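Per-entry structural report
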Amino acid sequence: MDNLPTESLVKIFTFLGSKDLLNMAKTCKKFNQVIMDFMPIRYPSIRIDFQYLYYNKVQKFTYKDNYNGERDFNCLLDTTRLYQNYIFTNFSKEHTDRLGSKWLQLFKKQINARCIRIKSDCMDLQQLSNLIKLTHRLVFLEIDGYRIAKMEQPLDETEAIQLPSLKHLKIHSFLDTSPQIFRIFQDCRTLKSISLSSLFFINKKIKSISDFILHQRALEQLDLIGLDSHNALFSNDSVHDVRFKLKKINCEYNGYSFNLEKFAVMFCRQKSFKEVTLALDLRNSSQPAQDEKHCDAIIRHVMSSCDHLASLN
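Report follows, based on the coordinates. (Residues numbered from 1 in each chain as written. Predicted model: local features only at pLDDT ≥ 70, side-chain atom pairs only at ≥ 80, totals over all residues. Heavy atoms only, no water.)

Section: unusual backbone geometry
A positive phi angle, near 55°, is found at Ser 198, a position not held by glycine. With relative accessibility at 42%, the residue Ser 198 sits in the partly exposed group. Backbone geometry places Phe 234, a non-glycine residue, at a positive phi of 60°. Note on placement: Phe 234 falls in the loop between β13 (228-229) and β14 (248-252). (Buried < 20%, exposed > 50% of the residue type's maximum accessible area, 1.4 Å probe, protein only. Helix = DSSP H or I, 4+ residues; strand = E, 2+ residues; numbered from the N terminus.)

Quick look at the structure:
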């Protein structure tokens, strides 16, 4: 088994459930590394529910595991190796301050965490940045802000972090302050997939998202779903300088938040598409005739230039 290539092991492990994956990860160093690096999303989770901790009047904090069982949070501090996949619910300064420095003590030990999922009604971006800085081998990060990103003061350049292993980033459900969150990841250049959904922007803040996407070099998958903005995404000239080669793109229900002329330029430079899903709405377009031409160019490109295309919607 040690002589099998990594690709074969990954294919074998995809047939296993989470419990079996956990057992396999304990078998040897090579299996552990393959499962952690290539299958972090499927790895078993520890769910630390800060909302539950907030309402707990007893100073014995508990957390919920992936089977929704309640366990003593303090016992985690004595553990040198946990599951490498965490889920936080209602992650905010107000809730985590109830734990004092205990949660920081825990994650200072878990520098090898591969996958973190965070969900919060009100997220403190300063604290989010501090948490992510504690991990050095993070592969997958999912953040669901739901209503608002909370900041006592705007993030500056020093909040940017370097995550050389980060490959997948998902951000959902932020309102107007959300472009600030991209300052945290502005130095990340190893992303293979970016998924943005249900985001709302005003006051030209969408440019920070556009720059963040277009400066990626290793990007292979881009999902833009339900974006809403008073300004257009992909409206600057840097679309001519993109270096990534997309294999999958999914753009749906984005209203008028696209500059279709620049988007078409970026799209038609991509030759490696395997999956394409587009739902472009021109009803609110200020230049419907021009935008129809750009859509025609996109369709012609898909039908004539994408030799590897396997799925088209």
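Resuming the write-up.
Structural notes on helix α2 (residues 18-25)
Each turn of an α-helix holds 3.6 residues, which means side chains three or four residues apart point in the same direction. Where α2 is concerned, the buried positions are Leu 21, Leu 22 and Ala 25. The buried residues of α2 all sit within an arc of 100° when viewed along its axis, so they share a single face. Buried residues along α2 sit against α1 (6-13) and α3 (29-38). (Arc of directions from axis to C-beta. Contact = heavy atoms within 4.5 Å.)

Let's talk about the packing of aromatic side chains
Counted according to the given criterion, the structure contains seven aromatic pairs. Between Phe 13 and Phe 31 the ring centres are 5.5 Å apart and the planes differ by 75°, which places this aromatic pair in the edge-to-face class. Linking Phe 13 in helix α1 with Phe 31 in helix α3, this pair joins segments that are 18 residues apart in sequence. Overall, Phe 13 belongs to the buried group, its relative accessible area being 0%. (Phe/Tyr/Trp six-rings, centres within 6.5 Å; stacked < 30°, edge-to-face > 60°.)

Re helix α10 (residues 260-268)
Those residues of α10 that sit buried are Leu 260, Lys 262, Phe 263, Ala 264, Met 266 and Phe 267. Buried residues along α10 sit against α9 (206-214), β14, β15 (275-279) and α11 (288-305). Where α10 begins, the capping side chain belongs to Asn 259, and its oxygen is found 3.1 Å from the backbone nitrogen of Glu 261. (Polar contact = N/O pair within 3.5 Å; in protein donor to acceptor, adjacent residues only side chain to side chain.)

Quick word on the pattern of salt bridges
Note that side chains of opposite charge can pair when their charged atoms are close. Summed over all chains, the structure comprises three salt bridges. Close ionic contact of Asp 237 with Lys 262 constitutes a salt bridge, the shortest N to O distance being 3.3 Å. One end of the pair, Asp 237, is in the loop between β13 and β14; the other, Lys 262, is in helix α10, and 25 residues separate them in sequence. Glu 275 is paired through a salt bridge with Lys 248; the nearest N and O atoms lie 3.7 Å apart. Of this pair, Glu 275 sits in strand β15 while Lys 248 sits in strand β14, and the two are 27 residues apart along the sequence. For Lys 248, a relative accessible area of 30% translates into the label partly exposed. (Salt bridge = Lys/Arg side-chain N within 4 Å of Asp/Glu carboxyl O.)

Description of a nonpolar patch on the surface
Together, Ile 299, Met 303 and Leu 312 give the surface a local cluster of nonpolar side chains, amounting to about 330 Å² of exposed area. Mapped onto the elements, Ile 299 comes out in helix α11. (Patch = residues over 30% accessible without salt bridge, like charges linked within 9 Å, V, L, I, M, F, W, Y side chains within 5 Å. Areas by Shrake-Rupley, 256 points an atom, 1.4 Å probe, with all protein chains shown as cover.)

Here we look at the nonpolar core
Counting 69 residues, the largest nonpolar core has Phe 185 and Phe 234 as its most contacted members. Every residue in contact with Phe 234, bar those within four places of it in the chain, is listed here: Ser 210, Ile 213, Leu 214, Leu 222, Leu 224, Val 239, Phe 258, Asn 259, Lys 262, Phe 263 and Met 266. In this structure, Val 10, Phe 13, Phe 31 and Ile 35 belong to the second largest nonpolar core, which totals 12 residues. (Core = buried A, V, L, I, M, F, W, Y, C linked by side-chain atoms within 4.5 Å.)

Notes on the packing of α2 against α3
α3 packs onto α2 with a crossing angle of 135° between their chain directions and a minimal axis gap of 8 Å. By the angle class used here, α2 and α3 are oblique. For the pair α2 and α3, the contacting residues are Leu 21, Met 24 and Ala 25 in the first and Phe 31, Asn 32 and Ile 35 in the second. Split by residue class, the contact of α2 with α3 holds five nonpolar, one polar and no charged. (Axes fitted to C-alpha atoms, helices over the stretch in contact; angles between N-to-C directions. Parallel < 35°, antiparallel > 145°, perpendicular 65-115°, else oblique. Nonpolar A, V, L, I, M, F, W, Y, C, P; charged D, E, K, R; others polar.)

Some details on the environment of Phe 212
Of note, Phe 212 is situated in helix α9. Of the residues examined, Phe 212 reaches a relative accessible area of 4% and is grouped as buried. Counting along the chain gives 30 residues from Phe 212 to Phe 182, while the straight-line C-alpha distance between them is 7.1 Å.

Some remarks on the packing of α1 against α3
Each pair of packed helices gets described by two things: the angle between the helix axes and the distance between those axes. Between α1 and α3, the shortest axis-to-axis distance is 10 Å and the interhelical angle comes to 75°. Considering the angle they form, α1 stands roughly perpendicular to α3. Facing α1, whose interface residues are Thr 6, Leu 9, Val 10 and Phe 13, α3 presents Lys 30, Phe 31, Val 34, Ile 35 and Phe 38. A breakdown of the residues in the contact of α1 with α3 according to their chemical character gives seven nonpolar, one polar and one charged.

Concerning the pairing of strand β10 (residues 193-197)
For β10, the tally of buried residues reaches five of five residues, placing the bulk of the element in the interior. Alternating positions in β10 separate into two faces, Ser 193, Ser 195 and Ser 197 on one and Ile 194 and Leu 196 on the other, with burial throughout. Sheet topology note: the strand β9 (residues 168-172)/β10 ladder contains five bridges and is parallel. The partner of His 172 across the bridge, within β10, is Ser 197. Two strands pair when backbone bridges link them, and β10 and strand β12 (residues 221-225) are joined in this way by five bridges, in the parallel orientation. When the sheet's bridge partners are listed, Ser 195 is paired in β12 with Asp 223. (Pairing = 2+ DSSP bridges.)

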